[in-house]
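Remarks on the overall topology
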Protein chains: 2
Amino acid sequence: MSTSERMLRLLSLLQTHRYWPGPELSERLEVSPRTLRRDVDRLRDLGYTVDAVRGAAGGYQLRAGGSLPPLLLEDEEAVAIAVGLRTAAVGAVAGTDDRSVQALSKVLSLMPPRLRRQMDAVASQTDAPGPWEGAPVVDAVVLTTLAQACRDSELLRFDYAAREAEVSHRRVEPLRLVSLGRRWYLVAWDRDRTDWRSFRLDRVSDPQPTGQRFRPRELPAEDALAFVQQGIRRMPQRHAVRVRLAMPADQLATQVGRWGTVSEDGDGCVLEMNVDDLDWPVMVLASSGADFVVESPPELAEKVAEVGARFARSG
Amino acid sequence: MSTSERMLRLLSLLQTHRYWPGPELSERLEVSPRTLRRDVDRLRDLGYTVDAVRGAAGGYQLRAGGSLPPLLLEDEEAVAIAVGLRTAAVGAVAGTDDRSVQALSKVLSLMPPRLRRQMDAVASQTDAPGPWEGAPVVDAVVLTTLAQACRDSELLRFDYAAREAEVSHRRVEPLRLVSLGRRWYLVAWDRDRTDWRSFRLDRVSDPQPTGQRFRPRELPAEDALAFVQQGIRRMPQRHAVRVRLAMPADQLATQVGRWGTVSEDGDGCVLEMNVDDLDWPVMVLASSGADFVVESPPELAEKVAEVGARFARSG
DNA sequence: ACAATGCGGACAGGAACTGACCGCTAGGCT
DNA sequence: AGCCTAGCGGTCAGTTCCTGTCCGCATTGT
């Protein structure tokens, strides 16, 4: 076994258990204890913090240090990481989107096919995001393929199912991914239509990097996010919800969390949210336990009336 | 720079970009092109798949191969992974719990403090699980500390806030973590009470591994899961929800996902769920759009009536 | 006190690494 | 077609470094 290989094995061993007695390590690595000590020293030189406990029942331990050592993952751990990142990215946990995708693409592109299949299996059982979401599901592979293509300025082909239109084939120069609300968009220059477009990722299928690189063009907008938002303005509006409730603002705020803003208003409070699915505010109102008045939109008032009537009927 | 270090650097470089021209790599690593080729060969010997493109504009590329290479992560990527795993584990994405925790503890225990702080910051903005959940939030550090203590059979101390009682200090021999529903439990032998106990993780604080190891005892139950379930039976019951709806079963099923079971019933269907929070089924009923009858529990019927009345009042 | 464990210096033999040649193949570009 | 760049792999000599073995020392738990 070569030195580098042994170092990696050592790192791997140190990552699986908390303590390792020196003799056991040296036996596993098939080297003398002296060499083990030298290997540990080498690790320390590389910047990783290896604690050693002297005396009987002593041993070595890899601790958090100045920099993150190379992660050596078991298959299952890799799958768990991929699944976790997938849901984090797709579920749009605010703030981490970009990083998650970046990390996901790194993991995914290095994962052996068998693990990727495992991940798909787990994810398919896992997804079912629950009642609240019409689930614009983005495939993890699509997401990462596109992210990589953007990063590497690589010409891309894919099939796109535009709204109510049949599937068309596209050749684009990808620029940026944008996560907006719970959706992902790709901003790219469409080579056939010779114009900038934004594509919804849940409508993209079978993306294929061509390996051909290109020089990025300049986007006629402040940034990619702005470009996507411009495009969306013209699309079916989201609902601006505004409701007045007879309850303390702070109490409601803990329930609503970051999905809306709550402000004080006399005895009660005012809830404002921006949603594209009215089930969401309905749910908040149901669980609030307080009386309320819907100020906008009218659709929400209708919905509340409908639910109220239906619930009353059920009694 | 030593050979091992250079190999790690090379792996790291290959993980950040898709293509690397050979000359650039050899320059960065400060070795001759010949040595670079040898390094690449070494990587291949270690089992990693490195593609090479010949000719002008050629280069090297790390591809998915038979085994996952050591992941060399940037700070932000590590944070994203930690956050993703955290939500996956805590949010109890069915099926991956154990693995997620295992992976999370691996990452977390190697993460430099500064990154852990970053993670906490991101997670605190991120959490707000939304209105549907009373949020029995489990701290990631608690989770992983306990997981490691179980794995390493390490004596553990922590503070525990039993129901309605003040905080007490415990010394336990941890055996297993169990994820049940959306909660985490620790099954452990309590040294002071000299008996087996199960602890809810959201009530555990300030866990401290002592470094002292012990020989695991035998649990007087089939397995840890069974033990926890036995304990829970005697606790305040969850609600067994049963509702009859006037809508097609499959349509409802897609909404409910894996949170309940839907079965056909004449023209309509029957929904069954087990929940500890009644807001959840209320939400499903609201968004279903169909008429329904609550068969059990009575509390749900009451809740439906209350919401119905309140919604009607709001109009 | 003793045994087990980690630490680190010295040394000699041997293994492996490196850079410099070389000729070869493969893909783009002019 | 011809040239340039890039990767591939063989060989060789010089050098580095790695390893195992010896040693005495420090530290801890029994």
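Residues numbered from 1 in each chain as written. Chains lettered and ligands numbered in written order. Predicted model: local features only at pLDDT ≥ 70, side-chain atom pairs only at ≥ 80, totals over all residues.

In the vicinity of DNA strand C lie 24 residues, with Gly22 and Ala52 of chain A together with Ser32, Thr35 and Gly55 of chain B positioned nearest. Mapped onto the surface near DNA strand C, the elements with two or more residues apiece are α2 (22–29), α3 (33–45) and β2 (59–63) of chain A together with α3 (33–45) of chain B. Partitioning the surface near DNA strand C into residue classes produces nine nonpolar, nine polar and six charged. (Near = placed C-beta within 6 Å. Helix = DSSP H or I, 4+ residues; strand = E, 2+ residues; numbered from the N terminus. Nonpolar A, V, L, I, M, F, W, Y, C, P; charged D, E, K, R; others polar.)

Residues and elements named next belong to chain A. Spatially, the four strands line up as an open sheet ordered β9-β10-β8-β11, and their pairing is antiparallel. Whereas interior strands pair on both sides, the edge strands pair on one side only; in this sheet they are β9 (261–265) and β11 (292–296). Averaged over all pairs of adjacent strands, the angle between strand axes in this sheet comes to 20°, irrespective of strand direction. Bridge analysis of β9 against strand β10 (residues 268–275) gives five bridges, and the strand direction is antiparallel. What sits directly across from Thr261, in β10, is Glu272. With respect to the sheet, helix α10 (residues 279–288) is in contact with β8 (239–245), β10 and β11, its orientation differing from that of β8 by roughly 10°. (Pairing = 2+ DSSP bridges. Axes fitted to C-alpha atoms, helices over the stretch in contact; angles between N-to-C directions. Contact = placed C-beta atoms within 7 Å.)

The next thing to look at is the domain arrangement of chain A. Looking at chain A, the domain boundaries give domain 1 (3–63), domain 2 (73–235) and domain 3 (239–314). If you average the C-alpha positions of domain 1 of chain A and of domain 3 of chain A, the two centres end up 58 Å apart. (Domains from an automatic or database assignment.)

Membership of the largest hydrophobic core comes to 123 residues, with the highest contact counts inside it found for Ala82 and Val107 of chain A together with Ala82 and Val107 of chain B. If sequence neighbours within four positions are ignored, Ala82 of chain A has contacts with Leu104, Val107, Leu108, Met111 and Met119 of chain A. (Core = buried A, V, L, I, M, F, W, Y, C linked by C-beta atoms within 7 Å. Buried ≥ 20, exposed ≤ 12 C-beta atoms within 10 Å, placed from the backbone.)

Turning our eyes to something else, we now look at the packing of helix α9 (residues 249–256) of chain A against α10 of chain A. All names here are of chain A. Where α9 contacts α10, the two axes come as close as 11 Å, and the packing angle between them is 130°. On the basis of the axis angle, α9 is oblique to α10. Taken as a pair, α9 and α10 cross one another with a handedness that is right-handed. On the side of α9, the interface is formed by Leu252, Gln255 and Val256, while α10 contributes Val284, Ser287 and Ser288. (Parallel < 35°, antiparallel > 145°, perpendicular 65-115°, else oblique. Left-handed = near helix turned anticlockwise from the far one by under 90°.)

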